[in-house]
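Results of the structural survey
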Amino acid sequence: MNYVIEAASLTKKYKNFKALDDLNLHVPVGSIYGLIGKNGAGKTTLIRLICGLQKVDTGEYYIYGIKNTDKEILNVRSRIGAIVETPAIYENLSARDNIIEELTLLGSPTFDDVDELLKLVGLSDVGAKKAGKFSLGMRQRLGIAIALAGNPDILILDEPINGLDPEGIIDIRELILKLNKEKNITILISSHYLDELSKIATHYGFVDKGKMKKEISKDELINKMKHRIVLKVNDAKKIIPYLDSQNITYEIENDKTINIFSNIKIPKLISDLSKNNLEVIDVLEASETLENYFLNLIGSDDNA
Ligand code: ATP
């Protein structure tokens, strides 16, 4: 698997408080990676480190395989466009002039891309209106246009839908999907709105108290949400030949747990296994909601 961003054992302390604690991260190329965690979990800190806004204490991260301590990291980081916390926009300038300002800063020889960027984020018709008069959703979209000015192939968005109304949320969702699908931009997006993230993310990283609790692809997560029969056994490996012989769809969760997704009769399963001297410790039926999965991973003592 190719990762555009990877982190290994990343730790960041504020005095004695570990905002990031041995955190690992793997953002696959072409993904929309949802970094999900409650307020204070460490999402912004992680993003600030990757964007070079703060220094790493211990551990390392890689952008396109280049280590954070390598001189090359500055070059490779220019392939990232980011909005960290709030979009950096000039209130007294129009959308167009904000983008021109950014292109100037980046040393762009032309401003040919401005119209396309305005169109891409749905701000073609705002004319000379100053950004200070924009709605929150428009500001967020302008922020994204500015982040795209350097023609990045990774876009990092820190809580981009915070405070947006439903229409604003839909606009941002569609824009993210468009950038990912049509422009092949890998997107790392942090949020504590699991529901919203689940509409777009192809991969998830669940962060809690500075640790990466679980990284999982959308497909794996959908599998977890499926109705299943959980078979607890002494040795999962010994059961496999029987399951294969019956064309049963399953997943080995660990050496003592098998998840069965086929529609089977539990009494027959138990009787067949016992006939083959295969011991079953427990069988239960399970189906999980996304919310439950999240809460099991990171606890429910907050408003996440
Ligand atoms: P939020 O969604 O609220 O921004 P987050 O997951 O992005 O949450 P961070 O902003 O990374 O979390 O903060 C992680 C922890 O580190 C929090 O407990 C926060 O109070 C603490 N923290 C962040 N920045 C600093 C700082 N400059 N000095 C001290 N503590 C900090």
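All of these numbers come straight from a predicted model, not from anything done at the bench. (Residues numbered from 1 in each chain as written. Predicted model: local features only at pLDDT ≥ 70, side-chain atom pairs only at ≥ 80, totals over all residues. Heavy atoms only, no water.)

1. Topic: the domain arrangement of the chain
Convention followed: In this entry, domain limits derive from an automatic or database-based domain assignment.
Domain annotation for the chain reports domain 1 (3–216) and domain 2 (227–286). Taking the mean C-alpha position of each, domain 1 and domain 2 sit 43 Å from one another.

2. Things to note about the sheet that holds strand E11 (residues 228–233)
Across a sheet, paired strands are connected by hydrogen bonds in the backbone, their directions being either parallel or antiparallel. As a reminder, the rule being used: Strand pairing follows a simple DSSP-based rule, namely that at least 2 bridges must link the two strands. Runs of E in the DSSP output that reach at least two residues are strands. Runs of H or I that reach at least four are helices, and both are numbered from the N terminus. Angles run from 0 to 180 degrees between N-to-C directions of axes, and those axes are lines fitted to C-alpha atoms, restricted for helices to the stretch in contact. Contacts: residue pairs with any heavy atoms within 4.5 Å of one another.
The strand order E12-E13-E11-E14 describes an open sheet built from four strands, whose pairing is antiparallel. The outermost strands of the open sheet, each flanked by one partner alone, are strand E12 (250–254) and strand E14 (280–286). Neighbour-to-neighbour, the strand axes of the sheet open up by a mean angle of 20°, direction not taken into account. Sheet topology note: the E11/E14 ladder contains six bridges and is antiparallel. Bridge assignment links Arg228 to a residue of E14, and that residue is Ala286. The strands touched by helix H9 (residues 236–245) are E11, E12 and strand E13 (257–260); relative to E12, the strand with the most contacts, the crossing angle is about 180°.

3. Remarks on the site of the ligand
This is how it is decided: By convention in this text, a residue qualifies as near a molecule or strand provided that one of its non-hydrogen atoms is within 4 Å of it. The term polar contact refers here to a pair of N or O atoms within 3.5 Å; inside protein, the definition further demands a hydrogen-donor-capable atom paired with an acceptor-capable atom, and it admits residues adjacent in sequence only when both atoms are side-chain atoms.
Around the ligand, the surrounding shell consists of Tyr14, Phe17, Ala19, Lys38, Asn39, Gly40, Ala41, Gly42, Lys43, Thr44, Thr45 and Glu159. Between the ligand and the protein, one listed contact pairs an oxygen atom with a backbone N or O atom of Ala41 at 3.0 Å. Taking Lys43, its main chain carries an N or O atom lying 2.9 Å from an oxygen atom of the ligand. Listing elements by their share of the shell around the ligand, those giving two or more residues are strand E2 (17–28) and helix H1 (43–50). A per-element tally of the shell around the ligand places H1 first, with three residues.

4. Points about the sheet that holds strand E8 (residues 186–191)
The strand order across the open sheet formed by six strands is E6-E7-E8-E3-E9-E10, and the pairing between neighbours is mixed. Because the sheet does not close on itself, it has two edges, and the strands there are strand E6 (80–83) and strand E10 (211–217). Between one strand axis and the next, the sheet turns through 15° on average, direction left out of account. When strand E9 (residues 203–208) meets E10, the two strands line up antiparallel, connected through six bridges. Counterpart to Asp208 in the pairing with E10 is Lys211. Across the sheet, helix H6 (residues 166–182) lies against strand E3 (32–36), strand E7 (154–158) and E8, angled at about 155° from E8, the strand it touches most.

5. Structural notes on the pattern of salt bridges
For the record, the criterion: Between Lys or Arg on one side and Asp or Glu on the other, a salt bridge is scored when a side-chain nitrogen of the former is within 4 Å of a carboxyl oxygen of the latter. For every residue, the accessible area obtained with a 1.4 Å probe (protein chains only) is divided by the maximum for its type, and the residue is called buried under 20%, exposed over 50%, and partly exposed between those limits.
All told, the structure shown has 17 salt bridges when counted by the stated rule. Its salt-bridge partner being Lys199, residue Glu196 comes within 3.7 Å of it at the nearest N-O pair. By relative accessible area, which is 46% here, Lys199 ends up partly exposed. In this structure, a network of salt bridges that share partners links the residues Lys18, Asp21 and Lys211.

6. What about the nonpolar core?
As a reminder, the rule being used: Each nonpolar core is a collection of buried residues, namely Ala, Val, Leu, Ile, Met, Phe, Trp, Tyr and Cys, held together in the definition by side-chain atoms within 4.5 Å.
Ile99, Leu123, Leu142, Ile144, Leu155 and Leu179 are the most contacted members of the largest nonpolar core, which has 48 residues in total. By residue number, the principal contributor to this core is helix H5 (residues 136–148), which donates seven residues. For Leu179, the contacting residues outside a window of four places in its chain are Leu120, Ile144, Leu148, Leu155, Asn184, Ile185 and Ile187. Formed by 27 residues, the second largest nonpolar core is a distinct cluster that contains Val4, Leu10, Leu23 and Leu49.

7. Considering the environment of Ile240
Mapped onto the secondary structure, Ile240 falls in helix H9. When the C-alpha positions of Ile240 and Ile252 are compared, they lie 9.0 Å apart, and in sequence the two are twelve residues distant. The contacts of Ile240, once residues within four sequence positions are left out, are Tyr250 and Ile252.

8. Considering the side chain of Thr257
Assignment of secondary structure puts Thr257 in strand E13. Under the relative-accessibility criterion, Thr257 is labelled buried at 4%. In terms of polar contacts, Thr257 uses its side chain to reach the side chain of Lys232, at 3.4 Å. Sequence-distant contacts of Thr257, that is, excluding residues within four places in its chain, are made with Val230, Leu231, Lys232, Glu251 and Ile252.

9. Comments concerning the pairing of E3
In the case of a regular strand, side chains alternate between the two sheet surfaces. Where burial is concerned, most of E3 is hidden: five out of the five residues are buried. Looking at chain direction, E3 and E8 are connected through five bridges and run parallel. Opposite Ile32, over in E8, you have Ile187 as the bridge partner.

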